Amino acid sequence: MSDIERDDISLQHQFEFCEDIIKKLEDGKQSTKDLQDQLKQCEEKLKLLTKEVSARSLFSSNESVDELSTRSLNYLFLPYYLATVTQNLIVEPEERLSSLDRAKIYLQDFLKRLRSYSIIDFDLWGLSGDNGEKEKGESKHDIDLSKQRELKLRRFQQEKELEELVKSLESELYTNADDDGLMRELILNRLHLAAMKSIDEMGQIDQERPMVEHMLKIQAGQAEILPKQPMNRFTPTPYIITRDEVQKKVFGLGYPSIPTMTVNEWYDDMVKNGRFNASSSENSSNSNAVDEETREEQERARLQRWDEYKDHHRRGWGNMHNKG
């Protein structure tokens, strides 16, 4: 066995070691905290692998994906794995910003490399720098929101389909381990799936970064913790409204677990809790008093007219039926 072959095997073993740790992380069977030591080892190995791959010039902008060997395709995952490890390493708060920035750079490098080999063909946001512009100079914020939602929905559906395809290819490869074409198809689909996940991870980094910045400002005394605004929610309490005390006692016997109150008690309770405006009730009372006074005056006027009518018209007058 030549030295080159030995080196290839060594690289492959180190890569598989890191890939196993990444799978443990993605499976969620072990917590991120429990994997910290392994993640640190993985980070060192991935950095060494990146240097070795670069020294060997395994990838070139002048090549097409068809010119890459099946074994070399795996090393396209290196920046993606570095980003995953970097995001999951537990660091001090003041180091979190630099970790996020490094992870985003790794993801950008990963996506650009796949794009250069035409492994992916979808638009890549935020890969031209911190200004968030696309390659054609169009801002991400200029894209119609409905188109963004449509794009995310379509990408989510494609991601699910790719996951199913990858599982199917892995099962098929299990019984055909020597099939190079099948292995190549599996790796390319896994790369495509990782690219779609990278877009989501970059979005999460963009969301987390301002929160970390604000937290650091709070620690430095340059900002204050904003108090949570209590939500003023009215939770209605079930009760039975009765017309008077007698009904209250009757219904109270049948429904001992439900509060019972008269109309007046219910009204006073609503005013007390601010559900009714007391001033409006006073205005309503005043209005009712005025209406009552008006009705009394109208009734007195009606009775007076009736008395005057009786004075001028004797009883039976006008009833001339059967009289000669």
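Criteria and thresholds
Once a new chain begins, its residue numbering starts again from 1 and follows that chain's sequence as written. Where totals are concerned, whole chains, interfaces and linings use all residues; where local detail is concerned, this predicted model gives features only for residues with pLDDT of at least 70, and gives and counts side-chain atom pairs only at 80 or more. No hydrogens and no water enter the side-chain calculation; it runs on all heavy atoms of the structure. Only runs of H or I of at least four residues qualify as helices and only runs of E of at least two qualify as strands under DSSP, and these elements are numbered from the N terminus. For every residue, the accessible area obtained with a 1.4 Å probe (protein chains only) is divided by the maximum for its type, and the residue is called buried under 20%, exposed over 50%, and partly exposed between those limits. Residues count as neighbours in contact if any of their non-hydrogen atoms are within 4.5 Å of one another. All accessibility values rest on the Shrake-Rupley procedure with a 1.4 Å probe; residue burial counts only the protein chains present in the view. Residue count minus one, scaled by 1.5 Å, sets the expected span of a helix. We define a salt bridge as a side-chain nitrogen of Lys or Arg found within 4 Å of a carboxyl oxygen belonging to Asp or Glu. Counted charges follow a simple rule, with Lys and Arg positive, Asp and Glu negative, and His plus the chain ends left uncounted. pLDDT is defined as a per-residue confidence score from the predictor, taking values between 0 and 100. UniProt positions are given in the numbering used here, feature names are shortened, and annotations may be inferred rather than shown by experiment.

Observations regarding the overall build of the protein chain
Item 1. Helix and strand counts for the protein chain come out as 10 helices and 2 strands.
Item 2. When its helices and strands are written in sequence order, the protein chain yields α-α-α-α-α-α-α-β-α-β-α-α.
Item 3. Put simply, the protein chain has 324 residues, and 28% of those count as buried.
Item 4. Put simply, of all contacts in the protein chain between residues at least 6 apart along the chain, 60% involve residues at least 24 apart.
Item 5. Total accessible area computed for the protein chain in this model is approximately 23000 Å², and 49% of it derives from carbon and sulfur atoms.

Considering helix α6 (residues 145–175)
Item 1. With 31 residues, α6 extends 46 Å between its outermost C-alpha atoms, agreeing within 8% with the 45 Å of an ideal straight helix rising 1.5 Å per residue.
Item 2. Listed in full, the buried residues belonging to α6 are Gln-148, Arg-155, Glu-159, Leu-162, Val-166, Leu-169 and Leu-173.
Item 3. Structurally, α6 contributes buried residues whose contacts are with α7 (180–219).

Examining the pattern of salt bridges
Item 1. Considering all chains together, one arrives at 10 salt bridges under this definition.
Item 2. Residues Arg-190 and Glu-19 are paired through a salt bridge, measuring 3.1 Å at the closest nitrogen-oxygen approach. One end of the pair, Arg-190, is in helix α7; the other, Glu-19, is in helix α1 (residues 3–27), with 171 residues separating them in the sequence.
Item 3. With a relative accessible area of 19%, Arg-190 lands in the buried category.

Some points on the side chain of Glu-201
Item 1. By secondary structure assignment, the location of Glu-201 is in helix α7.
Item 2. The side chain of Glu-201 sits in the buried core without any salt bridge; Lys-197 is the nearest counter-charge, 7.2 Å away.
Item 3. Beyond its immediate stretch of four places on either side in the chain, Glu-201 contacts Tyr-80, Gln-87 and Leu-107.

Regarding the confidence of the model for the protein chain
Item 1. With 68% of its residues at a pLDDT of 70 or more, the protein chain shows a mean pLDDT of 78.
Item 2. Note on residues 128–140: pLDDT under 50 across the span, and 17 contacts to partners over four residues away in sequence or across chains.

Quick notes on the UniProt feature "coiled-coil region" (unreviewed entry) in the protein chain
Item 1. This chain's UniProt record puts "coiled-coil region" (unreviewed entry) on residues 25–52.
Item 2. Secondary structure across residues 25–52 comprises 71% helix and 0% strand; the distance between its end C-alpha atoms is 25 Å.

Overview of unusual backbone geometry
Only a minority of non-glycine residues have a phi that is not negative, and only a minority of peptide bonds are not trans.
Item 1. One non-glycine residue, Ser-57, lies in positive phi territory at about 55 degrees.
Item 2. Positionally, Ser-57 belongs in the loop between α2 (36–56) and α3 (70–73).
Item 3. For Ser-57, a relative accessible area of 52% translates into the label exposed.
Item 4. Unusually for a residue other than glycine, Ser-118 sits at a positive phi of about 60 degrees.
Item 5. Along the chain, Ser-118 turns up in the loop between α5 (93–116) and α6.

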